[in-house]
Amino acid sequence: MAKFIRRLQRIGSTILVSLPKEWVDANRLEKGSQIELETAPDSISISANKERPTRDLTISYPLPKEENIVADITGAYLLGYDVIEIRSESIVPAEDREKIRNSMRWLVGMEIIEEDASHISMQFLLDSRTLNPEKILKRMSSIALGMYDDVSRGLVSNDASNLSTISNRDVEVNRQYFLLVRLIRSALVDRKLAGTFHLENIDVLDYRVAANLLENAGDYIVELSEYIMNSPLSDADSKILHEATRNFGMIAEKSINAFTKPDRLLAIEAISMHKKLEEKLGKMRATSDKQISIGLLDMIYMFERITRSWADVADLVKPIYN
């Protein structure tokens, strides 16, 4: 990276600075060309106003023994590749073709655009600049929170139909998680894209952590729903646990709003509310007037693990420093 020193010039009421000829020539700029300026309190960056080049990847088939075609496609998607091609000198077996098609349901925006016996081409059809990490994170939280509410109600409901759908709904949480990870990784290597999202480097990394917490929460909720269906509690224990956990939605929403604003005071409020919930669950575990069942202990632990995920998101909000 070259460094140049320039003096400011005044022409009328306008302050001008000349651009290095080497940089202008390298970017094929001329009179009338547009450039992009990005300002900070004590700096300014100038970039040629060019479209981001498409990132292409070709995967040669068949793969080495230790590799997996679905894992390779998913990895390329998460790394931000726009076009993924699978090429083979022979016919790609029907079994692997089916695996490739099924993998598309996990990858938002990725579609098969060309296919023949020895070649499959996939392309990411969304414009990353039009996507919004904040909205994607809130969608993940909203879906997972809906799953949580149905699990909590499942403690006292005789209808297990909602519990049986939890794992299917977690698929959408995972889809949104993959999309968000793709955007975050792309923003880390493309400052222009990060600027579109209005995120600094530390914010990008925090979004990665928050997304991972919510994706884990979805997995924990699936585990809890299966446990409730297979190891039901007594009516008395179910009612007690339902009463303690049913109003968690307010805490979760405060946590996500605090993170996305960001709002440290709202985060402190969410963390405080979560601590009260933990104390309530802790008292249930420490009850001494009767022998507590192993099933109830397990479920208390599962609820604690789930609710901690949202509280940890609130913990990511930076403290206020004077």
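Our subject is the structure listed above.
Residues numbered from 1 in each chain as written. Predicted model: local features only at pLDDT ≥ 70, side-chain atom pairs only at ≥ 80, totals over all residues. Heavy atoms only, no water.

Enquirer: Mind showing me how you'd approach the side chain of H119 here?
Expert: The topology assignment puts H119 in strand β8 (residues 119-124). The buried category is assigned to H119, whose relative accessible area is 7%. When neighbours within four sequence positions are excluded, H119 is seen to be in contact with E85, I86, R87 and E114. (Helix = DSSP H or I, 4+ residues; strand = E, 2+ residues; numbered from the N terminus. Buried < 20%, exposed > 50% of the residue type's maximum accessible area, 1.4 Å probe, protein only. Contact = heavy atoms within 4.5 Å.)

Enquirer: Before we go on, may I ask you to explain the pattern of salt bridges in this structure?
Expert: For side chains of opposite charge, pairing can occur when their charged atoms come near one another. Counted according to the given criterion, the structure contains 22 salt bridges. As a salt-bridge pair, R169 and D150 come within 2.9 Å of each other at their nearest N and O atoms. A residue pair is termed long-range when its members are at least 10 positions apart, and R169 in helix α6 (residues 166-189) and D150 in helix α4 (residues 133-154) qualify at 19 residues. Residue classification places D150 among the buried positions, given a relative accessible area of 11%. (Salt bridge = Lys/Arg side-chain N within 4 Å of Asp/Glu carboxyl O.)

Enquirer: Where do I start with the side chain of D170 in this structure?
Expert: Here D170 shows up in helix α6. Among buried Asp, Glu, Lys and Arg side chains, D170 stands out as unpaired, with R169 the closest opposite charge at 9.3 Å. In this view, D170 contacts M147, G218, D219 and V222; residues no more than four positions away in its chain are not counted. (Lys, Arg positive; Asp, Glu negative; His and termini not counted.)

Enquirer: In this structure, what is going on with the packing of aromatic side chains? I would like to understand it.
Expert: Within a pair of aromatic rings, the relevant descriptors are the distance that separates the centres and the angle that separates the planes. Applying the stated criterion across every chain yields a total of seven aromatic pairs. Arranged with centres 5.0 Å apart and planes meeting at 50°, the rings of Y148 and F248 form a pair that is tilted. Taken together, the positions of Y148 in helix α4 and F248 in the loop between α9 (235-245) and α10 (249-260) put the pair 100 residues apart, joining distant regions of the chain. Looking at Y148, the relative accessible area reads 1%, which means it is buried. With a relative accessible area of 2%, F248 lands in the buried category. (Phe/Tyr/Trp six-rings, centres within 6.5 Å; stacked < 30°, edge-to-face > 60°.)

Enquirer: Which parts of the structure should I look at to understand the packing of helix α11 (residues 264-285) against helix α12 (residues 294-315)?
Expert: Any two packed helices are characterised by the angle at which their axes cross and by the distance between the axes. Relative orientation of the contacting elements α11 and α12 amounts to 170°, with a least axis distance of 9 Å. The pairing of α11 with α12 is recorded here as roughly antiparallel in orientation. Only L296, L297, I300, F303, E304, T307, R308, A311, A314 and D315 of α12 make contact with α11, whose side of the interface consists of R264, A267, A270, I271, H274, L277, E278, L281, G282, M284 and R285. (Axes fitted to C-alpha atoms, helices over the stretch in contact; angles between N-to-C directions. Parallel < 35°, antiparallel > 145°, perpendicular 65-115°, else oblique.)

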